[in-house]
Structure formats: structure tokens, C-alpha cells
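Each chain is listed here by its residues.
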Amino acid sequence: MRGETGRAGGVLSIDLGALQQNYLTLRKQVAPSDCGASVKADAYGIGMEAAAKALQAAGCRTYFVALPEEGKRLRGILDNAHIYVLGGLFRGEARFYSDHRLRPVLNQLDEIDEWAGWCSETRRKLPAAIHIESGINRLGLGESDIQRLAQRSDVFARFELALVMSHLAKADEPDDEFNRWQLERFNKMRRLLPDALASLANTPGAFLPSAYHFDLVRPGIGLYGGNPFSDRPSVFRPVVQLHARVLQVKSTAAGENVGYGGTWRAKRETLVAVVAAGYGDGYPRQCSSSREGGPASVWVKGKFAPLIGRVSMDMITVDVTDIAEQIGRGDMVELMGMHVTVDNLARWAGTIPYEILTRLGSRYPRLYSAFDS
């Protein structure tokens, strides 16, 4: 490895072809419904520009971001996409949304009034979405708000209702009755509004019956290789691979401690590899004492090797005693990828794949594979 990658502690490889394949898998799953894409948080940490261009080449035309500045950035990448801002209409920023052709997801009545007022002022019937609160109890208009809104035909004469949407709370538990209750609640409230495209399902919702798919499904984690279900194999290809450099290999005698706090003590003479990755790079500190299915491990020379001691800011320590092939300074180990999946890492850290991907550090050089155009 040369240049920047040769001087880095680790390398983040991003397979844009796999991203496209995951999108096509989801699109096929929900057909004939349309399939959009969530690219908020820098496309779940993999890089918005590269991800958006790959998804556009795969046929995606509708995108969701969290914040208006994310929307502006995306508009600079994709000129013709529909871009929805999930965080809603920020007070006093209607001009910003219209200048960058962003569609606010209107979450409350005063947002609706502000957007309708801006449309009247500029004499343009601009598109927006309305977000129904169907049970997750985060953003969105409740039933009483929808009933009040339904009586105000003047509002819908001033802006284009392009989408009515809500968000499933338990789609990753497909047999839970709460899903059916949310579906019924969403249908009840959206029927009070003018006809518009509808969207309810996220990645796991794409695998619920077709009644949940409506006109548009808006996946997130599945696009980036995460498995939304804990009880079934993933149908998605890994998008992110993270490899880190071995800094030193050393022998530790039985009875000696490794790492801060001396939380791990060798029961035998142990060969320890010190690897250049830590919580400063987004590697979870919680993997120091993995919570489920552990110990947390890396993949090196064709085998799993367990972490020992605490994860520090810049380093982890790994027991490579049982690795048959010799390991030395400069060798690379897989922290996440084809063998150590993002779901493995999330489980060991007691968190979710979303957090793992979006916390990937900025110290890694990023190597993007080509995508099909």
C-alpha cells in the first residue's frame, strides 16, 4: 500500500456496486411500488456524493435527508431528484427550501401554515409532504391535527401535497400486532386528506405484506448492508469493509495484564497484536466487553481473533495466539466486512448497525469501487 493508504492506520473500502445491488433487491421486493433512498447522515457514513450518484445510476429518483443543509448538498449532486427533508420546515427558512427545490416533510400545523403562506407570497404551488404520527410518537401530526387540517381546503389550494407519510415503529418485528395497528391508523388519517402518494415502509417494512408498501418505500440501513432482522439471514451485500493495520506483535506471559485498567489477564503465554483502530476512529469502546455473541473479534489470516483488553482511542489489542500463519507489523486485519459483518459489530457493542456506520471516523482514507452506470 502506498501514498495516503500506506501511511494510514486503516482503510475504509466502500463497494458502490453492492449499494446498487441492495437498492435493486429492495426495488424488486416492493414492486410495483416505487423505491426511494434515505441518504441522511452522509449516506449513513459512506459518503453522500458517491452514494447518491450510484443510487441515481441504479434508477433511484426520490431521496430523504434529515436536515435542510443536507438537502442543499444533495441538490448540488443530483439536479433532478425529489429531495424530502424529514426534519420539517425550519422556521423562517422557506426561501432556502424553495431556492434549492427541497420538499419539507411538514410535521405540525404551523409548518403547514408557513409553507402555504410562502407559496401564496411567491405565487408558486410548491410540493411538500405531510407526516402523520401513527404510533411511533416522534414527529408528525396526530389525529386531532389531521381532523382540523381536513377542514381547511384553502391550505391545499396553496401548495402541492406530494406525499403523505408515516413511520413504522416495529417493522423489524414483523409478527407484532403493532404493525397492523399502525397501518390501520395511517390509512384512517390519510383518507381525511386530499389524494396524494403515500409512504409508510422503511427497510424492514419492505418485507411486510404489500399493504404496507403504498406508493413509495424509503429504505435506509438495508441499502448500506445492514440486516434489519435479528432472526433471519441478511439478503443484503456488505457495502463497507474496514481494515486496520497491525502496529506490533508481542508475546505476553501468563498472568500479565493487557490494556487500561488491567481488565484482561493472560491465562497462558499469549501472542498479542496491537492494531491501529480505536474509538477515535468510530470503533465501539463497548466491544471491550461485548454484550452478546462475543467476544468481539477481527478476521485475520483466515480466522477470527478475539479482542482482549479495553478499546482505547487509537488502538485495540487482539489475541492471535491461535492464528497459524505468521502475523507481523503492517499486516491488515478486517474489523468489518465480509467476515465480521456490521451486524456482528453492532451486536458485540450492544447497539445497532445504523450507529456503527454513521460513527465511522474521518481518519480512514476511503476507497470507492466503481459502480454500474
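Shown above is the structure to which this text applies.
Residues numbered from 1 in each chain as written. Predicted model: local features only at pLDDT ≥ 70, side-chain atom pairs only at ≥ 80, totals over all residues. Heavy atoms only, no water.

(A) Highlighting the nonpolar core. Residues L19, W115, I130 and F159 are the most contacted members of the largest nonpolar core, which totals 106 residues. Here I130 is in contact with L106, I112, L141, I146, L149, F156, F159, L161, L163, V164, M165 and L193, once residues within four sequence places are set aside. L86, V105, A129 and M165 belong to the second-largest nonpolar core, a separate cluster that totals nine residues. (Core = buried A, V, L, I, M, F, W, Y, C linked by side-chain atoms within 4.5 Å. Buried < 20%, exposed > 50% of the residue type's maximum accessible area, 1.4 Å probe, protein only. Contact = heavy atoms within 4.5 Å.)

(B) Local environment of the layout of surface pockets. By volume, the largest pocket amounts to about 1,100 Å³. Along the walls of the largest pocket sit 42 residues, with N202, P204, I221, I352 and Y354 positioned nearest its centre. Looking at the lining of the largest pocket, the elements that each hand over two or more residues are α3 (40–44), α11 (342–349) and α12 (353–358). Ranked by residue count, the leading element in the lining of the largest pocket is α11, at four residues. A breakdown of the residues in the lining of the largest pocket according to their chemical character gives 20 nonpolar, 13 polar and nine charged. The computed volume of the second largest pocket comes to approximately 160 Å³. Along the walls of the second largest pocket sit 15 residues, with R75, R101, L102, R103 and P127 positioned nearest its centre. Where the lining of the second largest pocket is concerned, the elements lending two or more residues are β5 (82–85) and α6 (94–99). (1 Å grid on protein atoms, 1.4 Å probe; cavity = no way out; pocket = protein on both sides within 12 Å on 5 of 7 lines; lining within 4 Å. Points joined across faces, edges and corners; volume = space filled by probe spheres on them. Helix = DSSP H or I, 4+ residues; strand = E, 2+ residues; numbered from the N terminus. Nonpolar A, V, L, I, M, F, W, Y, C, P; charged D, E, K, R; others polar.)

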